[in-house]
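Coordinate inspection notes
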Amino acid sequence: MSVSWATSSPAELRAHHARDAEERAGPLPEDVRETAVAEAGAFRGGLLFTPPDPAPDAAILYFHGGGFVAGSPASHRCVTGWLAQLTGMRVLSARYRLAPEHPFPAQRDDAVAACAALAGMGTDRLILAGDSAGACVALWGLRGLDPAMQAQIAGLALLYGGFGGIAGGSIARHGTAENGLDAATLSIMYRRLGPAAPDAWPLDFAGEVAVPAYALAAELDAVFDDSALLFQRLGSRADSRFVVAAGQDHGFLKGAGRDPVALRELQALAGWLKQRVGAV
């Protein structure tokens, strides 16, 4: 194994993650415009994906995965580009500071700043979304918003998230040192966030979340139990959904554009998101 999520340097992990994303990516939708958004103040910048005739006052704020140490808006261009095309909403894929150079709560603070930046673009209704570590960042961001901004959040899209669990049946079945999702490596990954993180995991504060959520879990994913347990702790809401992508593993949405399963799951998510903002 040339790269270890437990022992390789952050630079090695970032290069490996970028190569993997590039190899798995399908083509972007031709009718979606991608624009770089510059850093401004506390907002770290990112990529904005704009479909034809976008919804005027609704948008999606997306946080990429990568184990808190890797990833970028560029590494998740297929997911966010297709999400824009399928929902008809602008998608801002926001950059956030990475561990271990930037311990928690830097990720939460960057998510809050990105919410303010997107709201400043004339958006009244926001969807917070993210995959893997990014799903955790989305929930941290929600928790960090003031009440007025929280009232603008119309829904959550939490895609095969890692929410702080380091043991359980799915980890035992599917976690390996190679995929970086075994119990030992997950413990190291979470510890990279620094000493403040253990008191801030979404599995611990899920009961506070009042926003409807779409939780997508991959059937063969080591962190499947995280999504299931989080959804259970969110409480019962008729407008929330727990969806299992049969036969899929962690990160499968990166193949959007060439993988029909990834596209089908994004279409289902898009239908739910449009309902949340009244676009259907």
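A quick note: this is a predicted structure, and the numbers were derived from the prediction, not measured.

Conventions adopted
- The numbers attached to residues start from 1 for each chain and follow its sequence in the written order.
- For this predicted model, a pLDDT threshold of at least 70 governs which residues receive local features, and a threshold of 80 or more governs which side-chain atom pairs are given and counted, while totals over whole chains, interfaces and linings are taken from all residues.
- The basis for every side-chain value is the complete set of non-hydrogen atoms in the structure, without hydrogens or water.
- The definition of a nonpolar core used throughout is a set of buried Ala, Val, Leu, Ile, Met, Phe, Trp, Tyr and Cys residues joined through side-chain atoms within 4.5 Å.
- Each residue's exposure class comes from its accessible area (1.4 Å probe, protein chains only) as a fraction of the maximum for that residue type: buried when under 20%, exposed when over 50%, partly exposed otherwise.
- Counting from the N terminus, the helices are DSSP H or I runs at least four residues long and the strands are E runs at least two residues long.
- Contact criterion: two residues are considered in contact whenever any of their non-hydrogen atoms come within 4.5 Å of each other.
- The rule is short: rings of Phe, Tyr and Trp, with Trp giving its six-membered ring, pair when the centres are within 6.5 Å, and they are stacked under 30 degrees, edge-to-face over 60, tilted in between.
- Here, a charge over a ring is recorded when the distance from Lys NZ or Arg CZ to the ring centre is within 6 Å and its angle to the ring normal is within 35 degrees.
- Two strands qualify as a pair provided DSSP detects at least 2 bridges between them.
- All axes are obtained by fitting lines to C-alpha atoms, using only the stretch in contact for helices, and the reported angles, taken between N-to-C directions, cover 0 to 180 degrees.
- Each salt bridge in this description consists of a side-chain nitrogen of Lys or Arg and a carboxyl oxygen of Asp or Glu lying within 4 Å of one another.

What about the nonpolar core?
- Membership of the largest hydrophobic core comes to 54 residues, with the highest contact counts inside it found for Leu61, Phe63, Phe68, Trp140 and Leu156.
- Per element, the largest residue contribution to this core is eight residues, and it comes from helix H4 (residues 133-144).
- For phenylalanine 63, the residues in contact, after removing those within four places along its chain, are Ala94, Tyr96, Ala111, Ala114, Ala129, Gly130, Asp131, Gly134, Val137 and Ala138.
- Core analysis: the second largest hydrophobic core is formed by 36 residues, Leu86, Ala218, Val261 and Val277 among them.

Re the packing of aromatic side chains
- Evaluation of the coordinates by the stated rule reveals 11 aromatic pairs.
- For the pair phenylalanine 63 and tyrosine 96, a centre-to-centre distance of 6.3 Å together with 65° between the ring planes defines the contact as edge-to-face. Placement of phenylalanine 63 in strand E3 (residues 58-63) and of tyrosine 96 in the loop between strand E4 (90-94) and helix H3 (106-119) is noted, with a sequence separation of 33 residues between them. No difference in accessibility class separates phenylalanine 63 from tyrosine 96, as the two residues are buried.
- Ring pairing ties together the aromatic residues Phe68, Phe104, Trp140, Tyr190 and Trp201, which thus form one cluster.
- In this arrangement the basic side chain of arginine 276 is found over the ring face of tryptophan 272, its NZ or CZ atom lying 4.7 Å from the centre.

Re the sheet that holds strand E8 (residues 241-245)
- On the basis of which strands lie adjacent, the open sheet formed by eight strands has the order E1-E2-E4-E3-E5-E6-E7-E8 and mixed pairing. Two strands lie at the open edges of the sheet, namely strand E1 (33-37) and E8, each paired on one side alone. Each strand of the sheet is rotated relative to its neighbour by a mean of 20°, with strand direction disregarded.
- Both strand E6 (residues 153-159) and strand E7 (residues 213-218) contribute to a ladder of four bridges, which runs parallel. Residue pairing across strands places leucine 156 opposite alanine 213, the latter belonging to E7.
- Docked against the sheet, H3 engages E3, E4 and strand E5 (125-131), running at close to 155° with respect to E3.
- Against the sheet, H4 touches E3, E5 and E6, its axis set at about 145° to E5.

Side note on the pattern of salt bridges
- Summed over all chains, the structure comprises 10 salt bridges.
- Between arginine 125 and aspartate 57 there is a salt bridge, with its nearest N and O atoms 2.4 Å apart. Taken together, the positions of arginine 125 in strand E5 and aspartate 57 in the loop between strand E2 (46-50) and E3 put the pair 68 residues apart, joining distant regions of the chain.
- Taking relative accessible area as the criterion, arginine 125 reaches 28% and is therefore assigned partly exposed.
- In this structure, arginine 108 engages aspartate 109 in a salt bridge whose closest nitrogen and oxygen atoms are separated by 3.1 Å.
- Overall, aspartate 109 belongs to the partly exposed group, its relative accessible area being 34%.
- Each of Glu39, Arg44, Arg97 and Asp110 takes part in one network of salt bridges that share partners.

Note that all results are geometric; they support no functional claim without further evidence.
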